[in-house]
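Each chain, letter by letter, is given below.
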Amino acid sequence: KFNYNKYPRFQEIVNHLNTIEKENPGVVRNERVGATHENRSLILTTIGNSPMGQDTRAVWIDAGIHAREWISPITALFLIDRIAEEFRKEPYQQDQRIVGVDWYFMPISNPDGYEYSHETDRMWRKNRAPPPKGESCYGVDLNRNWDVIGFGIGASNDACKDNFKGTKANSEPEVRAASKKLLSVKKNVRVALSLHSAGQYWLTSWGYKTQLPVDNDKMVSLGKKAADAIFRTSGRRYKVGSAGALLYPAGGASDDFAKARALIPYAATIELPGSHGKRRFVLPASQIRSVGEEMFAAMGVVAEVARNHP
Ligand code: 0X9
Ligand code: ZN
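Reading guide: rules and limits
Residues numbered from 1 in each chain as written. Chains lettered and ligands numbered in written order. Predicted model: local features only at pLDDT ≥ 70, side-chain atom pairs only at ≥ 80, totals over all residues. Buried ≥ 20, exposed ≤ 12 C-beta atoms within 10 Å, placed from the backbone. Helix = DSSP H or I, 4+ residues; strand = E, 2+ residues; numbered from the N terminus. Pairing = 2+ DSSP bridges. Near = placed C-beta within 6 Å. Nonpolar A, V, L, I, M, F, W, Y, C, P; charged D, E, K, R; others polar. Expected span 1.5 Å × (residues − 1). Contact = placed C-beta atoms within 7 Å. Axes fitted to C-alpha atoms, helices over the stretch in contact; angles between N-to-C directions.

Peer 1: Explain the pairing of strand 8 (residues 266–272) to me, and be specific about the residues and the numbers.
Peer 2: Within strand 8, seven of the seven residues are buried, which leaves the element mostly enclosed by the surrounding structure. Burial of strand 8 is two-sided: the residues Tyr266, Ala268, Ile270 and Leu272 facing one way and the residues Ala267, Thr269 and Glu271 facing the other way are all buried. Here strand 5 (residues 189–197) runs beside strand 8; their pairing, made up of seven bridges, is parallel. Within strand 8, the residue paired with Leu193 across the bridge is Ala268. Taken together, the four bridges between strand 6 (residues 201–204) and strand 8 define a ladder with antiparallel strand orientation. For Leu203, the partnering residue across the bridge sits in strand 8 and is Thr269.

Here you go:
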């Protein structure tokens, strides 16, 4: 059984994904959709039992875009475990909302950065792209590199900054792999979520500007229902609102790509819990289970909305 009382290394995550796949034949599939600068695998995990091409609904979730936000990939792994468990149950015991949709997970979208944050710099955020010509700093902010309206806003041209957007949109293998895959399955996807930390926010698009989208109300209403489910589960409160208005405008992120490029009806970034101050990305591993449980509760609401959306 996997140990959810500590933060795993990349290889432990991969091993566990392979175990889950083996234990859930016909329901869980792992696919290598690309490779990083340091040649680690970018993995897409699909959960569901609807035959290919069938008229189905799906939820897309990316995690681990930012290296130091360790609670993100482990929460994705926890959700994969819990959702697969739901599919294994006898029909009369299943949560029909959870098993009523397909699930796409990119559980660890920035493995190079994740490993670097374990081995060298706990506060590392970016990937490990080699420095651009004539520069000496490594890394691109993978939540500023997506090829979508707003690219460049709230981002830096300076390769040494934490929010460096890259030399051009979609320059990074991690972003290319994830965006290509999302575009290939977008027909079924009704909700796209991006797991980050920290701050306990449910942030809807737009992220690149303070103005609200025309369909803001429906995205905020899903966020509020999810926040209620979270509160009932763990007692934690999440603030709900548009990313650009509630946090700060920042473009080239996965949420706005899902909304404006892949045309997914519901797009949000979830800022999972953290600690306070400078160490706010360092959440004690003893919290992993409760964050996982509260997110699983939110996924019931998400699945129901995805299932019922035309
Ligand atoms: O700045 C980010 O990328 C996210 N916050 S974090 O502290 N995890 O780095 C927020 C992204 C919200 N969405 C957009 N701005 N599009
Ligand atoms: Zn983040």
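Next comes the rest of the write-up.
Peer 1: Now, about the site of ligand 1: what can you tell me, with residues and values included?
Peer 2: Near ligand 1 you find 15 residues, and of these His196, Gly207, Ala243, Ala250 and Ala253 are the closest. Counted by class, the shell around ligand 1 contains six nonpolar, five polar and four charged residues.

Peer 1: Got a sec to walk through helix 4 (residues 173–185)? Specific residues and values, please.
Peer 2: Here helix 4 contains 13 residues, and its C-alpha end-to-end distance of 19 Å stays within 8% of the 18 Å for a straight helix at 1.5 Å per residue. Along helix 4, the residues that are buried comprise Glu174, Val175, Ala177, Ala178, Ser179 and Leu182. The inward-facing, buried residues of helix 4 abut strand 1 (28–35), strand 2 (41–47), strand 3 (58–63), strand 4 (102–106) and helix 7 (254–261).

Peer 1: Got a sec to walk through the sheet that holds strand 5? Specific residues and values, please.
Peer 2: Strand order in the open sheet formed by eight strands is 1-2-4-3-5-8-6-7, with mixed pairing between adjacent strands. Each end of this open sheet is capped by a strand with a single partner; those strands are strand 1 and strand 7 (239–242). Between one strand and the next, the sheet's axes are offset by a mean angle of 20 degrees, whatever the strand orientation. With seven bridges joining them, strand 1 and strand 2 adopt antiparallel strand pairing. From the neighbouring strand, Glu31 faces strand 2, where its bridge partner is Leu44. Most of the contacts of helix 2 (residues 71–88) go to strand 5, to which it runs at about 140 degrees, and overall it touches strand 1, strand 2, strand 3, strand 4, strand 5 and strand 8.

Treat this as a map of the structure, not an account of what it does.
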